[in-house]
Amino acid sequence: MNIESKLSTTSKNIKSSIIRELLKISDPAMISFGGGVPDPETFPREELAVIASEVVSKEYKFTLQYGTTEGDDVLKKQYIRLLEEHENIKDLNNDNLLITVGSQQALYLAGLTFLDEESYCGVTRPVYLAAASAFAQRNPKFISVNLSEKGIDTDYLESELIKLRERNELHKFKFMYVVTNFHNPAGITMPLDNRKKLIELAEKYDFIILEDDPYGALRFEGTKVPSIFSMNSERVIMLNTFSKILSPGMRIGVIIGNTQAIRRMAMAKQAVDLCCSPVTQRLTARFLERYDLFEQIKPTIELYKHKKDVFMKAMQDNLGDIKGVSWTKAEGGLFTWLTLPQQIDTMEMFEMAKKEKVLYIPGEAFFVDNPLKNTMRLSFCLPTEEQLVEGMKRLRRTIDKYCAAKGIKL
Ligand SMILES: Cc1ncc(COP(=O)(O)O)c(C=O)c1O
């Protein structure tokens, strides 16, 4: 049977994620700056093992049964407390929250709930690849807005919105998707004035802001910036996750938004998976009751900060002399974004990197249009200190070999 002839247009358009493909490379000699996965040593495994046993044996009527689509109320209560204590977000109730299978499902549900083929949605250049893929399932038109250390280019966004208004299409612009803290892949944090300007535009041109914040709690230095949601809880839908602060294997994400939006997204979720796993929801809830999560992640933050410092120094030592090279200085999170001289195509260079036994994600993967081919995403959280330094030497060797082969003078 020819399966190809039976495929939907959506399925035909889906490309396998290069990140997922890269994570499959399991050569122990390889040093990978590729995947943005947390260091497993940071998972509170002993504590979770004890609670897991308890919630299965004592709370089996809840944990081993189907749950509600909206999610475990005990977990929601704990999460509302965290938002009050750490984000200064008040007056939320359970109806403002939807528990999801990680933020990835939240992104998919946002696409399902708000986008049609004729819709427009705003994304950044570069954009978190899997968000763009989730939205692309609905085949919308993307408006791609530059992201720099100053935040997103709100002037450009406004000029595009004006064009839509002139064409009587403004109502088709549904949301602007932003990763506010320690952006994946760019490592950038949107400054406060940029966040405020985005809210101003959302009010003026009537659109939703989809604020994705998986890394905000992983700040090593600098000053915390208030979430966009904390400044406008009507227009902003915030996506959070336990993946980077507890464990991605739990697959617990939380959507926070106005009750109407949450209800609609919960209705979409019903047809996707009925409910999230009650086991991991209750396990997370009881963990939050028993332990202070933010105390627990302090050693993780210290570890990542240390790795980031080692990595930044190795980068300076090995790449600092290349003319036209630059990289972002993340104040938290897992990533930095490296820009090489223009003639270097990091996708083309990738095979050489593999031979040198170092991996990165070519920047090209993070654009919905006009990719900057001389860029790459580097993650510093998983390799050991020695690997961070050695990996950077290998990356420099790769760049030198590539440039020699292409006749590029550094
Ligand atoms: C910006 C961003 N959003 C969402 C996700 C999805 O995370 P999860 O589904 O594990 O919550 C990630 C994961 O790396 C991410 O970087």
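Residues numbered from 1 in each chain as written. Predicted model: local features only at pLDDT ≥ 70, side-chain atom pairs only at ≥ 80, totals over all residues. Heavy atoms only, no water.

**Focus on the sheet that holds strand β8 (residues 236–241)**
Remark on secondary structure: sheet strands pair via backbone hydrogen bonds, oriented parallel or antiparallel. Defined as follows: In this description, strands pair whenever DSSP reports at least two bridges between them. Each helix is a run of DSSP H or I of at least 4 residues and each strand a run of E of at least 2, with the numbering of both proceeding from the N terminus. In this analysis, two residues are considered to be in contact whenever any of their non-hydrogen atoms come within 4.5 Å of each other. Fitting a line to C-alpha atoms yields each axis, with helices limited to the stretch in contact; the angle taken between N-to-C directions then spans 0 to 180 degrees.
Overall, mixed pairing links the eight strands, which are arranged β2-β9-β8-β7-β6-β3-β4-β5 in an open sheet. Looking at strand neighbours, the two that pair on one side only are β2 (97–101) and β5 (151–152), the edges of this open sheet. Taken together, the three bridges between strand β3 (residues 120–125) and strand β6 (residues 173–179) define a ladder with parallel strand orientation. Across the sheet, the residue bridging to Tyr120 is Phe173, located in β6. The sheet strands contacting helix α11 (residues 259–273) are β2, β8 and β9 (252–256), and the helix crosses β2 at an angle near 30°.

**A short note on the nonpolar core**
Selection rule: Side-chain atoms within 4.5 Å are what join buried Ala, Val, Leu, Ile, Met, Phe, Trp, Tyr and Cys residues into a set we call a nonpolar core. Three exposure classes are used, based on accessible area relative to the maximum for each residue type with a 1.4 Å probe and protein chains only: buried under 20%, partly exposed in between, and exposed over 50%. Just so you know, the domain bounds were taken from an automatic or database domain assignment.
Grouped together as the largest cluster of nonpolar side chains are 92 residues, with contacts concentrated most on Leu157, Leu198, Phe207 and Leu378. Element by element, the count of residues in this core is highest for helix α14 (residues 298–319), at eight residues. For this core, the two domains that each supply at least three residues are domain 1 (3–43 + 297–406) and domain 2 (45–295). Those residues in contact with Leu378 that sit more than four places away from it in its chain are Phe33, Phe311, Met315, Leu334, Phe335, Thr336, Leu338, Tyr360, Met392 and Leu395. Counting residues in each nonpolar core, the second largest holds 26 residues, with Val123, Val127, Ala134 and Ile262 among its members.

**Regarding the sheet that holds strand β10 (residues 326–327)**
Here we have four strands laid out as an open sheet, ordered β10-β11-β14-β13, and antiparallel in their pairing. Bordering the open sheet on either side are β10 and β13 (361–362), each of which pairs with just one other strand. In the sheet, β10 pairs with strand β11 (residues 335–339) via two bridges, with the strands oriented antiparallel. Within β11, the position partnered with Trp327 by the bridge is Leu338.

**Digging into the pattern of salt bridges**
The condition that has to hold: The term salt bridge refers to a side-chain nitrogen of Lys or Arg lying within 4 Å of a carboxyl oxygen of Asp or Glu.
Following the criterion strictly, the structure yields 34 salt bridges and no others. A salt bridge links Glu54 to Arg290; its shortest N-O distance comes to 2.8 Å. Remark: Arg290 occurs in helix α12 (residues 278–290) and Glu54 occurs in helix α3 (residues 45–58); sequence separation between them is 236 residues. According to the relative accessible area criterion, Arg290 is partly exposed, its value standing at 44%. Asp400 is the partner of Arg396 in a salt bridge, and the nearest nitrogen-oxygen pair spans 3.1 Å. One end of the pair, Arg396, and the other, Asp400, are both in helix α16 (residues 385–406), four residues apart, so they sit about a helical turn from each other.

**Regarding the packing of helix α6 (residues 102–114) against helix α7 (residues 129–136)**
The condition that has to hold: We call a crossing left-handed when the near helix sits turned anticlockwise from the far one by less than a right angle, and right-handed when that turn is clockwise. Classes in brief: Ala, Val, Leu, Ile, Met, Phe, Trp, Tyr, Cys and Pro nonpolar; Asp, Glu, Lys and Arg charged; the others, Gly included, polar.
Where α6 contacts α7, the two axes come as close as 8 Å, and the packing angle between them is 35°. Taken as a pair, α6 and α7 cross one another with a handedness that is right-handed. Two secondary-structure elements touch here, α6 through Gln104, Leu107, Tyr108 and Gly111 and α7 through Ala130, Ala131, Ala134 and Phe135. Its residues assigned to classes, the contact of α6 with α7 shows six nonpolar, two polar and no charged.

**Digging into α11**
Our working definition: Expected span of a helix, by definition, is 1.5 Å for each gap between consecutive residues, and there is one gap fewer than residues. The arc in question is formed by the directions pointing from the helix axis toward the C-beta atoms. Think of a polar contact as two N or O atoms within 3.5 Å of one another; within protein, one of them needs to be a possible hydrogen donor and the other a possible acceptor, and neighboring residues in sequence only count if both atoms come from side chains.
Taking 1.5 Å of rise per residue, 15 residues should cover 21 Å, and α11 covers 21 Å from first to last C-alpha, within 8% of that figure. Among the residues of α11, Ala261, Ile262, Met265, Ala266, Ala268 and Lys269 are the ones counted as buried. Down the axis of α11, the sector holding all buried residues measures 165°, keeping them to one side. For α11, the exposed residues lying more than 90 degrees away from the buried face are Gln260, Arg263 and Ala271. Residues of α11 that are buried make contact with β2, α6, β8 and β9. The N-cap residue of α11 is Asn258: its side-chain oxygen and the backbone nitrogen of Gln260 are 3.0 Å apart.

**Section: the environment of Thr180**
Tracing the chain through its elements places Thr180 in the loop between β6 and α9 (192–205). Thr180 sits in the buried class, given a relative accessible area of 0%. Along the chain, Thr180 and Leu210 lie 30 residues apart, while their C-alpha atoms are 9.8 Å from each other. If we skip the residues at most four places from it in the chain, Thr180 touches Ile188, Thr189, Met190, Arg195, Glu211, Asp212, Asp213 and Ile228. In terms of polar contacts, Thr180 uses its side chain to reach the side chain of Glu211, at 3.3 Å.

**Regarding the site of the ligand**
Definition in use: For this purpose, a residue is taken to be near a molecule or strand whenever a single non-hydrogen atom of the residue falls within 4 Å of it.
With respect to spatial proximity, 14 residues lie near the ligand, and among them Ser103, Asp212, Tyr215, Thr241 and Ser243 are the closest. The set of elements that each furnish at least two residues to the shell around the ligand consists of α6 and β6. Among the elements that line the shell around the ligand, the one with the most residues is α6, at three residues. Of the residues in the shell around the ligand, the class split is five nonpolar, six polar and three charged.

**A closer look at the domain arrangement of the protein**
To be explicit about the condition: Joining two parts hides part of their accessible area as seen by a 1.4 Å probe, and the buried area is that hidden amount summed over both.
Along its sequence, the protein is carved into domain 1 (3–43 + 297–406) and domain 2 (45–295). A straight line from the C-alpha centre of domain 1 to that of domain 2 covers 25 Å. Between domain 1 and domain 2, the residue contacts involve 36 residues of the former and 36 residues of the latter. Area buried by domain 1 at its contact with domain 2 is led by Phe43, Ile297 and Glu331, which between them contribute 23% of it.

**Regarding a nonpolar patch on the surface**
The following threshold applies: Each patch is assembled from residues with relative accessible area greater than 30% and no salt bridge, linking like charges that lie within 9 Å and nonpolar side chains (Val, Leu, Ile, Met, Phe, Trp, Tyr) that lie within 5 Å. Here the open area of atoms and residues is found with the Shrake-Rupley method and a 1.4 Å probe, where only the protein chains shown may cover a residue.
The grouping of Val56, Tyr60 and Leu64 at the surface amounts to a nonpolar patch, some 280 Å² of accessible area in total. Positionally, Tyr60 belongs in helix α4 (residues 60–63).

**Quick word on the pairing of β9**
In terms of burial, β9 is a largely internal element, five of the five residues being buried. Neither face of β9 is open: one carries Ile252, Val254 and Ile256, the other Gly253 and Ile255, and all of them are buried. Summarising the sheet, β8 and β9 pair through four bridges and their orientation is antiparallel. Paired with Leu239 across the two strands is Ile255, which belongs to β9.

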